[in-house]
Amino acid sequence: MPEQQKVFIAGGTTTPFDYPLNLQIEEMVANCIRQLYKDVPEFHLKDVRDNGMVVYSHFSVHFSHQLTAYWILHDHLGLVGVPHFRIDNGGNTGGSALYAAYALVRAGLADVVPVIGYELMGSVSQSKGSEFIAIASDTRYEAMLGANYTNYYAGLARVFMEEYGLTEEDFAEIAAKNKNNAVATGEKAQHYRKVGNKLTVEDVMNSRLISYPLKKWDCCFMSEGAATVLVCNEQFAKQYSPDYYVEIVGAGLSSCTIRAGDRYAFPGWTERYGEGYPGLGEFAACRHSAEVAFKMAGIEWKDSYKYLDVAEVHDAFSTSEFQIYNALGWCQSITPKQFIRDRMPMMEGEIPTNPGGGLIGYGHPVGATGLMSTVECYYQLAGLISREHRSTDNEVKDAEVGLVNSHAGTGTSISNFILKRV
Amino acid sequence: MEKNLHPTPNNKDFIWEKWIKLNEKIPEKGWTWQNVRSGIAGNVEWIEQQIYYDMLYTFRLGALSPYAKGLLEGKLLGTKCPKCGDITFPPRVNCWRLDCNLEITEWIEMPHSGILHTFTICGFAAKSALKKLPFVLAYVLVGKSKTAIANILKIAEPWHVESDMPVIVKFTEKKRVGNLIDFWFEPDPSWHPSPMTPEKERIKKLCEPVYEWIKILKRSI
């Protein structure tokens, strides 16, 4: 029987994120792997052939005009004969694929598991694209209204705002933070490629209404791109990147209702967390998966930021990043309002969040997104920011413990990982 | 038929000819070539091909059919678990409590009123809804439902919407289709907006360009 083993990340790469990217999926992914060859010279796909398998991370076949598109990739990479499967879990596709690779290595079923994520989204018009994403909501109900995820999220944000007395400016701070962090990230980040300069809170406040309280700059871009995370056991991690490997010391995955309205009094959550939780304003699946990951890593949920040096979270919207802070237990000893006004998640704050730019700054090609967050967190912990970014303005010096968060639906599936520098 | 299972209709009474004829009214053409375009970006040559691909979906409502039929008749049908008594709207045809072992729920008629739990004022939406902008998307607890349902709230001045306001249900007088687009919410006639606040002024200002944009959009269609 295979034996349990510790799980590590020994490398990671992304393509630039942009819209459209004018690439086919096989060249996007080939670029990622060739970059990995350059960054991690000891790694070779032959190790995957002999000791591993590949987990593909891809959200929507509607966008790829191709079912089982990863069959094309696997073949293209020369990996015929090697086990492969694809994970789709909405916006949490990347996190869930990482979870699958983690589970495979942890269980001892594989020693080297590259997680390869990608998404084409420019294959259809932007409005059709939003509609494609919206059909991850219940098509018999919500999707038929002509609303899309931005509208649902805005409704959830509204409850959160009222509950904690937050203002549009509080969210705009987060949006501006992530856009501006991406300027330091540079060429790979979509905000840098498309806009290039820093934004102010006023810019965010003055941008056009998308769905109150969300304005244009509060939302992530529609993007295309690919990302790869090299997951492996200790032996390969030491062989590949003796100076640059990190351990996955905690992993959690949880779920919530598909329709946000159904979590007003969901029995499973009220049994666990008491009446009124999560309601529509909290992400119970984020809290639950974080609690699981924190427990593995020996971290307390309450004020967990004290144990963390850096976090890359799923900021599809500035408002949802804030709701994630709360679900991660960061606003327990101080109120959410104080948390943002003390500038805790800023580069200079207690817990720099999304230094890489997050979805708002870097981009959101769904299947690649959670992996991009993982790669950015890995760079921070492995001390690779000066090699990978345009400037070190968004480097968290001497970071040892980091959190990666990946998030789907209206909070329908959420994963959290704790990475630790070895 | 086992009492605790949903019945499976027997297809011997299904009129395939009629169904095929109905489908033929909306022809599906499959892959239809439209365009080839090419160019150079920097020093990279690119080419792209546009292909139209269509499909006609049939949504089969199955056990949810009474709900859809209710909408056609101007009724809101929710469900109630005979074991735990939980009421949900939108309906759940099996109880959501693990302790109830997927008990088949009973259909109950919901009142045409509820309480608005949360909302957003949409300044942008999917293509099918653009002309309705700016509209209010509301999550409403209808009657004694333990779940909120999302639908449009029609109100002349959207900045006046507030949490916990009472709303009523209005059904369309046009042809109904058995989907929640057959109805919408409106403020309860007994409700009156509170005076303008700085937040309301702010939302009103954010809506102004949306009204202008929609005027142009409507002219161009």
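Numbering of residues starts from 1 in each chain and follows the order in which that chain's sequence is written. Chain A is the first chain written and ligand 1 is the first ligand written, with later ones labelled in order. Selection of residues for local features in this predicted model requires a pLDDT of at least 70, selection of side-chain atom pairs for listing and counting requires 80 or more, and totals for whole chains, interfaces and linings are taken over all residues. Side-chain measures here rest on the full set of heavy atoms in the structure, leaving out hydrogens and waters.

Caption draft 1: Layout of helix α3 (residues 198-220) of chain B. Here a helix means four or more residues in a row that DSSP labels H or I, a strand means two or more in a row labelled E, and each is numbered from the N terminus. In this analysis, the expected span of each helix is defined as 1.5 Å times one less than the number of residues it contains. An ideal rise of 1.5 Å per residue puts 33 Å on 23 residues; α3(B) measures up with 34 Å between its terminal C-alpha atoms. To get the bend at a residue, fit one axis to the 7 residues ending there and another to the 7 starting there, then take the angle between the axes. Of all the bends in α3(B), the largest measures some 25 degrees and sits at Cys207(B), one to four residues before the proline Pro209(B). Every buried residue belonging to α3(B) is among Lys200(B), Ile203(B), Leu206(B), Cys207(B), Val210(B), Ile214(B) and Leu217(B), and all of these are buried. It only takes one pair of heavy atoms within 4.5 Å for two residues to be counted as in contact. Those residues of α3(B) that are buried are in contact with α8 (168-185), β5 (209-211) and β6 (214-215) of chain A together with β6 (113-122) of chain B. Only protein chains enter the accessibility calculation, which uses a 1.4 Å probe; a residue whose area is less than 20% of its type maximum is buried, one above 50% is exposed, and one in between is partly exposed.

Caption draft 2: Geometry of the packing of aromatic side chains. All names here are of chain A. We call Phe, Tyr and Trp rings a pair once their centres come within 6.5 Å, taking the six-membered ring for Trp, and we label the pair stacked below 30 degrees between planes, edge-to-face above 60, and tilted otherwise. A complete count under the given rule lists 36 aromatic pairs over all chains for this structure. Ring plane angle 70 degrees and centroid distance 6.2 Å describe the contact between Tyr 70 and Trp 71, whose orientation is recorded as edge-to-face. Residue classification places Tyr 70 among the buried residues on the basis of a relative accessible area of 10%. With a centroid separation of 5.6 Å and 65 degrees between ring planes, the pair formed by Phe 160 and Phe 322 is classed as edge-to-face.

Caption draft 3: Representation of the environment of Thr392(A) within the structure. Residues and elements named next belong to chain A. With respect to the helices, strands and loops of the structure, Thr 392 is situated in the loop between α18 (385-388) and β10 (401-408). Residues Thr 392 and Ala 297 lie 95 residues apart in sequence; the distance between their C-alpha atoms is 28 Å. Dropping the residues within four chain positions of it, Thr 392 is found in contact with Ile 385 and Ser 386.

Caption draft 4: Spotlight on the pairing of strand β4 (residues 112-119) of chain A. Residues and elements named next belong to chain A. The element β4 is largely enclosed, with a buried count of eight among its eight residues. Burial of the side chains of β4 extends over both faces: Val 112, Pro 114, Ile 116 and Tyr 118 are buried on one face and Val 113, Val 115, Gly 117 and Glu 119 on the other. The criterion for strand pairing is that DSSP finds at least two bridges linking the strands in question. Taken together, the three bridges between strand β2 (residues 54-57) and β4 define a ladder with parallel strand orientation. Paired with Tyr 56 across the strands is Ile 116, a residue of β4.

Caption draft 5: Fine view of the pattern of salt bridges. We count a salt bridge whenever a side-chain nitrogen from Lys or Arg sits within 4 Å of a carboxyl oxygen from Asp or Glu. According to the stated counting rule, one finds 33 salt bridges over all chains in the structure shown. Arg158(A) is the partner of Glu199(B) in a salt bridge, and the nearest nitrogen-oxygen pair spans 3.0 Å. You can see Glu199(B) sitting in helix α3 and its partner Arg158(A) sitting in helix α7 (residues 149-164), one on each of two chains. Glu199(B) sits in the partly exposed class, given a relative accessible area of 33%. For Arg158(A), a relative accessible area of 7% gives the class buried. With a shortest N-O distance of 3.1 Å, Arg193(A) and Glu187(A) are connected by a salt bridge.

Caption draft 6: Representation of the sheet that holds strand β3 (residues 77-80) of chain B within the structure. Residues and elements named next belong to chain B. Strand order in this open sheet of three strands is β4-β3-β5, and the pairing throughout is antiparallel. The open sheet has two free edges, formed respectively by β4 (87-88) and β5 (106-109), since each of these has just one partner strand. Two elements, β3 and β4, share two bridges in a ladder whose sense is antiparallel. Residue pairing across strands places Lys 80 opposite Ile 87, the latter belonging to β4.

Caption draft 7: Highlighting the layout of surface pockets. All names here are of chain A. As defined here, a cavity is a set of points on a 1 Å grid over the protein atoms alone where a 1.4 Å probe fits but cannot get out. A pocket is an open set with protein on both sides within 12 Å along at least five of seven lines, and residues line them when an atom is within 4 Å of a point. Grid points are joined across faces, edges and corners, and a volume is the space filled by probe spheres set on the points. The space that makes up the second largest pocket amounts to roughly 1,000 Å³. Contributing to the lining of the second largest pocket are 42 residues, with Ser 130, Thr 150, Cys 220, Met 222 and Phe 317 lying nearest its centre. Looking at the lining of the second largest pocket, the elements that each hand over two or more residues are α6 (126-134), α7, α9 (190-194) and β10. The leading source of residues in the lining of the second largest pocket is α6, at four residues. Along the lines of polarity and charge, the residues of the lining of the second largest pocket split into 22 nonpolar, 15 polar and five charged. Note on residue categories: nonpolar means Ala, Val, Leu, Ile, Met, Phe, Trp, Tyr, Cys or Pro, charged means Asp, Glu, Lys or Arg, and polar means any other residue, Gly included.

Caption draft 8: Representation of the sheet that holds strand β3 (residues 84-87) of chain A within the structure. Residue and element names in this part refer to chain A. The strand order β3-β2-β4-β7-β1-β8-β11-β10-β9 describes an open sheet built from nine strands, whose pairing is mixed. A single partner strand is all that each edge strand has here, and the edge strands are β3 and β9 (310-312). The mean angle between the axes of side-by-side strands here comes to 25 degrees, regardless of whether they run parallel or antiparallel. Pairing geometry for strand β1 (residues 8-14) and strand β8 (residues 246-255), over two bridges, is antiparallel. Residue pairing for β8: Ile 9 is matched across the bridge by Val 246. An axis is simply a line fitted to the C-alpha atoms; with a helix, the fit covers only the stretch in contact. Between two such axes, the angle follows the N-to-C directions and lies from 0 to 180 degrees. Sheet contacts for helix α4 (residues 69-76): β2, β3 and β4; angle to β3, the most-contacted strand, approximately 140 degrees.

Caption draft 9: Representation of the domain arrangement of chain B within the structure. According to the domain assignment, chain B contains domain 1 (19-53) and domain 2 (111-221). Each domain's extent was defined by an automatic or database domain assignment. Inter-centroid distance (C-alpha atoms) of domain 1 of chain B to domain 2 of chain B is 36 Å.

Caption draft 10: Region of interest: the interface of chain B and chain A. The partner chain A presents 41 residues to the 45 residues of chain B that form the contact. Between chain B and chain A we count three salt bridges in total. Between Arg202(B) and Glu168(A) there is a salt bridge, with its nearest N and O atoms 2.8 Å apart. Whenever two N or O atoms come within 3.5 Å, that pair is a polar contact, provided that in protein one can donate a hydrogen and the other can accept it, and provided that, for residues adjacent in sequence, both atoms are side-chain atoms. Counting the contacts that link chain B with chain A gives 17 residue pairs in polar contact (both at pLDDT 80 or more). The dominant element in the side of chain B that touches chain A, judged by the number of residues it contributes, is α3(B), at seven residues. Of the residues in the side of chain B that touches chain A, the class split is 27 nonpolar, nine polar and nine charged.

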